[in-house]
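What follows is the residue order along each chain.
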Amino acid sequence: MILEKVKAILVEELDVEEGSITLESKIKDDLGADSLDLFELISKIEDELNVTIEEDDYGKLITVGDIVNYLKEKNNQ
Amino acid sequence: MIYTKICEMLNIRYPILQGGMAQISDAVLAAAVSEAGGLGIIASGNNSTKAVRAEIHKIRELTDKSFGVNVMLLSPYAKEVSELLTEEKVPVIITGAGNPGKYMKMWKEAGIKVIPVVPSVAFAKHFEKAGADAVICEGTEAGGHVGELTTMCITPQVADAVNIPVIAAGGIGDGRGIAAVFSLGAQGVQIGTRFLLAKECGVHQNYKDKIKKAGDTDTAVTGRKTGHPVRVLKNRLVTKFKELEKNNADIDEMEALGKGSLYKAAVEGDVNYGSVMSGQIAGLINKEQSCKEIITEMFEEAEKIMKDLKYAVGGGNE
């Protein structure tokens, strides 16, 4: 469920094919995001999933899986 | 008289900030701008805390007016400098090249006004939430480190997106530029290039002469590939950069070429092989004046233009 939402945001924000996104995809290296895109992405996720991603955690979000796990943990808190 | 929320917030007469230009904007220039009614900014660049502290103490001797310090967040000393500014309780902090989020709380608690430079709407909204007092949107017309968006495009979009005041930067060199960005929703301006020719600006005379001679098409952006694009005046260094880029040289080689090049131009006066950072507006800028002359002239002109425009759209009728 969370994965689907994150995928949809990635497709929209980064102009990538949904099929090319896996949990292992690196946001910058594989999906081509620069630092502005990454920030845009985080803002979108915060708005659409109604969460706050702590700034200290930005650096941990390297892959799609990192984002999904982070959001799952947030949900459980 | 032009008076905006920025004047009120920063306790200044004219809504103008002098850009924090690394290795150039020192206490002497900043004090002259503040004395003239704007907000002078000391650039901390890659300087150590010791050097930054000395400049802060110096400006406090030179003026009792408000001033700001620009923090370059990519600097190896960013954390130490951020703490120093809290300790010194500087009136205003401008941040560039990164995300000031982790320092925001500390600065706000010290009663400091915090104004980040933003490259996009998302950043502007984020910093507003984090407690920024205003934001500076800097278009790619600016000198030094630049983004992609133009001042014309980023300013109204950021102005629509946030409730805090917006300061526009990049491409503003006279009263016409001020009137233009005010139309776009800005309530203040930040200007760098024109202050390079201020009499109180200590940059090397060769650098000033190069700005004076520059025409409309004389700037270029190098380093797009390295991820740190910089706008400079074209010279032999730029030719070398372009060659390296064309030959797909590796990033380390390009960064090595750029290293120390600003010092070479700004301090040593080597404008052939040094990095002469400048905005696109250099072509318009050719007089050496005092900060006071620069600021009063620009705002008189802006005010006249705003009045003339009102007349023009009224078909000559008031």
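Residues numbered from 1 in each chain as written. Chains lettered and ligands numbered in written order. Predicted model: local features only at pLDDT ≥ 70, side-chain atom pairs only at ≥ 80, totals over all residues.

**Q** In this structure, what is going on with the overall build of chain B? I would like to understand it.
**A** Helices and strands together make up the secondary structure of chain B, namely 14 helices and 11 strands. Over its C-alpha atoms chain B spans a radius of gyration of 19 Å, differing by no more than 12% from the 20 Å that the globule rule assigns to 318 residues. A burial count over chain B gives 50% of its 318 residues as buried. For chain B, long-range pairs separated by at least 24 residues make up 61% of all intrachain contacts whose partners lie at least 6 apart in sequence. (Helix = DSSP H or I, 4+ residues; strand = E, 2+ residues; numbered from the N terminus. Rg over C-alpha atoms; globule rule 2.2 N^0.38 Å. Buried ≥ 20, exposed ≤ 12 C-beta atoms within 10 Å, placed from the backbone. Contact = placed C-beta atoms within 7 Å.)

**Q** Just checking my understanding: could you explain the interface of chain B and chain A for this structure?
**A** For interface size, the figure often reported is the accessible area lost on association. With nine residues of chain B in contact, the opposing surface of chain A contributes six residues. Among the secondary structure elements, those contributing two or more residues to the side of chain B that touches chain A are α5 (101-109) and α6 (121-130) of chain B. The greatest single-element share of the side of chain B that touches chain A, amounting to four residues, is contributed by α6 of chain B. Here the residues of the side of chain B that touches chain A sort into three nonpolar, four polar and two charged. (Nonpolar A, V, L, I, M, F, W, Y, C, P; charged D, E, K, R; others polar.)

**Q** Looking at this structure, I do not really get the sheet that holds strand β11 (residues 230-233) of chain B. What am I missing?
**A** Either a parallel or an antiparallel arrangement is found when strands of a sheet pair, and the pairing is made through backbone hydrogen bonds. Residues and elements named next belong to chain B. Reading across from one edge, β7-β11-β10 is the order of the three strands in this open sheet, with antiparallel pairing throughout. Either end of the sheet is taken by a strand with one partner, and the two such strands are β7 (144-145) and β10 (219-222). Where β10 lies against β11, four bridges are found, and the strand directions are antiparallel. Opposite T222, over in β11, you have V230 as the bridge partner. (Pairing = 2+ DSSP bridges.)

**Q** Before we go on, may I ask you to explain helix α14 (residues 291-313) of chain B in this structure?
**A** All names here are of chain B. For α14, with 23 residues, the first-to-last C-alpha span of 33 Å sits near the 33 Å given by 1.5 Å per residue. Here α14 has its buried residues at C291, I294, I295, M298, F299 and A302. Contacts from the buried residues of α14 go to β1 (16-18), α2 (27-35), α8 (175-183) and α9 (193-196). (Expected span 1.5 Å × (residues − 1).)

**Q** I'm lost on the environment of L10 of chain B in this one. Help?
**A** Residue and element names in this part refer to chain B. Position of L10 among the secondary structure elements: in helix α1 (residues 5-10). The class for L10 is buried, based on 23 C-beta atoms found within 10 Å. For the pair L10 and N206, spaced 196 residues apart in the sequence, the C-alpha separation amounts to 34 Å.

**Q** Quick question: what am I supposed to make of the confidence of the model for chain A here?
**A** Predicted coordinates in regions of low pLDDT should not be interpreted in detail. When the pLDDT values of chain A are averaged, the result is 88; 100% of them are 70 or greater. No element of chain A has a lower mean pLDDT than helix α2 (residues 35-49) of chain A, at 86, and none a higher one than helix α1 (residues 2-14) of chain A, at 90. (pLDDT = per-residue confidence, 0-100.)

**Q** Looking at this model, I keep getting lost on the nonpolar core. Mind explaining?
**A** Generally speaking, a soluble globular protein has its nonpolar side chains buried in company with each other. By size, the foremost hydrophobic cluster in this structure holds 98 residues, and its most contacted members are I93, V135, V166, I167 and V189 of chain B. Excluding its chain neighbours within four sequence positions, the residues that come into contact with V135 of chain B are I115, P116, V118, A124, F127, V158, V162, I164 and V166 of chain B. By size, the runner-up hydrophobic cluster in this structure holds 10 residues, among which are L10, I27, L31 and L61 of chain A. (Core = buried A, V, L, I, M, F, W, Y, C linked by C-beta atoms within 7 Å.)

**Q** Quick question: what am I supposed to make of the confidence of the model for chain B here?
**A** The predicted model of chain B averages 94 in pLDDT, with 99% of residues at 70 or higher. Here the predicted complex carries an ipTM of 0.71, next to a pTM of 0.90.

**Q** Help me out: how do you make sense of the sheet that holds β1 of chain B in this one?
**A** All names here are of chain B. Strands sit in the order β1-β9-β8-β6-β5-β4-β3-β2 across an open sheet of eight strands; the sheet is parallel. Two strands in the sheet have a free side with no partner beyond their single neighbour: β1 and β2 (40-43). Strand after strand, the sheet turns through a mean of 25 degrees between neighbouring axes, direction not considered. As paired elements, strand β5 (residues 113-118) and strand β6 (residues 135-138) share two bridges and run parallel to each other. Considered in β6, the bridge of V117 is made with I136. Of the strands in this sheet, β5, β6 and β8 (166-169) touch helix α7 (residues 151-161), which is tilted by about 175 degrees from β8. (Axes fitted to C-alpha atoms, helices over the stretch in contact; angles between N-to-C directions.)

**Q** Explain unusual backbone geometry to me, please; I cannot follow it from the model alone.
**A** A negative phi angle is the norm for most residues apart from glycine, just as the trans form is the norm for most peptide bonds. We note that N50 of chain A has phi near 55 degrees; this positive angle belongs to a residue other than glycine. One can find N50 of chain A in the loop between α2 and α3 (64-76). Backbone geometry at K89 of chain B places phi at a positive 45 degrees, although glycine is not the residue there. Relative to the elements of secondary structure, K89 of chain B occurs in the loop between α4 (78-88) and β4 (92-96).

**Q** Is there a simple way to think about the packing of helix α11 (residues 236-246) of chain B against helix α12 (residues 251-258) of chain B in this case?
**A** In helix packing, the relevant descriptors are the interaxial angle and the interaxial distance, both defined with respect to the helix axes. All names here are of chain B. Across the interface, α11 lies against α12 with an axial gap of 10 Å and an inter-helix angle of 175 degrees. It follows that α11 is roughly antiparallel to α12 by the angle criterion. Along its contact with α11, which presents K240, F241 and L244, the element α12 presents E253, M254 and L257. Looking at the contact of α11 with α12 residue by residue, the classes come out as four nonpolar, no polar and two charged. (Parallel < 35°, antiparallel > 145°, perpendicular 65-115°, else oblique.)

**Q** Any chance you could explain the environment of V68 of chain A here in plain terms?
**A** Residue and element names in this part refer to chain A. Positionally, V68 belongs in helix α3. Each C-alpha atom, one on V68 and one on E18, is 15 Å from the other, the two residues being 50 residues apart in sequence. If sequence neighbours within four positions are ignored, V68 has contacts with I2, L3, V6 and L23.

**Q** Help me understand the environment of G98 of chain B in this model?
**A** Residues and elements named next belong to chain B. Within the fold, G98 resides in the loop between β4 and α5. Taking the number of C-beta atoms within 10 Å as the measure of exposure, G98 has 15 and is therefore partly exposed. The spatial distance from the C-alpha of G98 to the C-alpha of P119 is 9.9 Å, given a sequence separation of 21 residues. Residue contacts for G98: discarding those within four places in its chain leaves L73 and L74.

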